[in-house]
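# Results of the structural survey
As a plain string of letters, each chain reads:
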Amino acid sequence: MVNSETPKPTSQPTWGVGPYQGDPTKHPDFSKFDPQLLQEGDTRNVVDNYRYWKMEEIVRDLDAKRHPFHVAIENWQHDLNIGSIVRNANAFLASSVHIVGNKRWNKRGAMVTDRYQHVLHHPTIEDFVEWTKTAGEGGKPLPIIAIDNVPGCKQLETTKLPRECILLFGQEGPGLSQPALDASDQVLEISQFGSTRSINASAAAAIAMHTWVMQHVFS
Ligand SMILES: C[S@@+](CC[C@H](N)C(=O)[O-])C[C@H]1O[C@@H](n2cnc3c(N)ncnc32)[C@H](O)[C@@H]1O
């Protein structure tokens, strides 16, 4: 609700901050600061709270707060969505991102967020499934939740996602492979209303991660 106390939204014409003004040693986060960034300014795409922080300190701080969902995507054809999925996973603070199939992926869409995210690779679906068997808290299995609109799936909108899980996405064109669908504990679709068969995989990933956040952080 908007009231007189609500700050007026303001645009941010530039990214980042210049050299640190004043005495940084007096700042409570001084031990986390990077001397070079203090001297030259910080133009990285990071939230204001992390301005001037060393990268490893940001990762350490994120690691202490990560949500217990993970994200995976099949990569048999160098899908260009992977970078955006990594960026979304960073924004929604996923525990880790898994690339299944080809190891190489186009990092451009990640906008450097891959440096703050744990990105792991599995050459085959079998390797990936093996990893999930003990990847949950206390070495428990991590449920695989496939996100795709295929015959026999259920609706994401009416399904409670497990607190600990891995959300698995397919690639543009073929979608999830049959072995990936067979290995999944549930297959969920995002309801659509128009004429297109599907939405972009990274858009689907953002919706699914946000659904997890709505279910486990805001309710
Ligand atoms: C472009 S889709 C292709 C596959 C799709 N099953 C089809 O019939 O065309 C690529 C990936 O995006 C995700 N995706 C796209 N639209 C989706 C939807 N409506 N529900 C769930 N996932 C979706 C899935 O992970 C899917 O594997």
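Because the structure is a prediction, the values reported are computed rather than measured.

With that settled, consider the site of the ligand. Not every one of the 18 residues close to the ligand is listed here, only the nearest: G170, G175, S198, A201 and A204. Tallied by class, the residues present in the shell around the ligand amount to eight nonpolar, six polar and four charged.

With domains assigned, the protein is organised as domain 1 (24-63) and domain 2 (69-216). Relative to domain 2, the C-alpha centre of domain 1 lies at a distance of 30 Å. Each side of the interface is counted separately: domain 1 has five residues, and domain 2 has five residues. Classifying every residue of the side of domain 1 that touches domain 2 gives four nonpolar, one polar and no charged.

Formed by 38 residues in total, the largest nonpolar core has its most connected members in V71, I145, I147, L167 and L168. Breaking this core down by element, the ones donating at least two residues are β1 (69-75), α3 (82-91), β2 (97-101), α4 (125-132), β4 (144-147), β6 (165-169), β7 (186-189) and α6 (201-216). Residue contributions to this core peak at six residues, all from α6. Once residues lying within four places of it in the same chain are set aside, the contact partners of L167 are F69, V71, I145, I147, A208 and M209.

Cut-off values and rules
Residues numbered from 1 in each chain as written. Predicted model: local features only at pLDDT ≥ 70, side-chain atom pairs only at ≥ 80, totals over all residues. Near = placed C-beta within 6 Å. Nonpolar A, V, L, I, M, F, W, Y, C, P; charged D, E, K, R; others polar. Domains from an automatic or database assignment. Contact = placed C-beta atoms within 7 Å. Core = buried A, V, L, I, M, F, W, Y, C linked by C-beta atoms within 7 Å. Buried ≥ 20, exposed ≤ 12 C-beta atoms within 10 Å, placed from the backbone. Helix = DSSP H or I, 4+ residues; strand = E, 2+ residues; numbered from the N terminus.

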